[in-house]
Amino acid sequence: MSSKKEQDAKKCWACKSVLVEDSKLGLCPKYINKYGTPVAAVGSLGLIFAGKQLLKNGGKIVKVAANVVKNIKL
Ligand SMILES: [Zn+2]
């Protein structure tokens, strides 16, 4: 009868256990440590890489971006 709450409960996508606290990543604390940290690390590295590429090829990227915007508008 009153199983709506259980159905609505958020579950960890890694181990399917019901999350006690609301999790941004949809992971239980155990898997946040397992996946969340590497994901955050990769994200940070990606940003650093993107930043370096931007410094290196700044002009080129701006030109490419401008072309993309033009093409989207057409
Ligand atoms: Zn989990």
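Residue indices begin from 1 for each chain and proceed along its sequence in written order. Predicted model: local features are reported for residues with pLDDT of at least 70 only, side-chain atom pairs are reported and counted for 80 or more only, and whole-chain, interface and lining totals are derived from all residues.

## Points about the overall build of the protein
Secondary structure elements are taken from DSSP: a helix is a run of H or I of four residues or more, a strand is a run of E of two residues or more, and numbering for both begins at the N terminus. Helix and strand counts for the protein stand at three helices and zero strands. Its helices and strands in sequence order give the protein the pattern α-α-α, from N to C terminus. Here exposure depends only on C-beta density: within 10 Å of a residue's C-beta, 20 or more other C-beta atoms make it buried, 12 or fewer make it exposed, and intermediate numbers make it partly exposed, the C-beta atoms being placed from the backbone. Across the 74 residues in the protein, those meeting the buried criterion constitute 3%.

## As for unusual backbone geometry
One non-glycine residue with positive phi stands out, namely Lys16, at about 65°. Checked against the element boundaries, Lys16 lands in the loop between helix H1 (4-8) and helix H2 (29-56). With 8 C-beta atoms packed within 10 Å, Lys16 lands in the exposed category.

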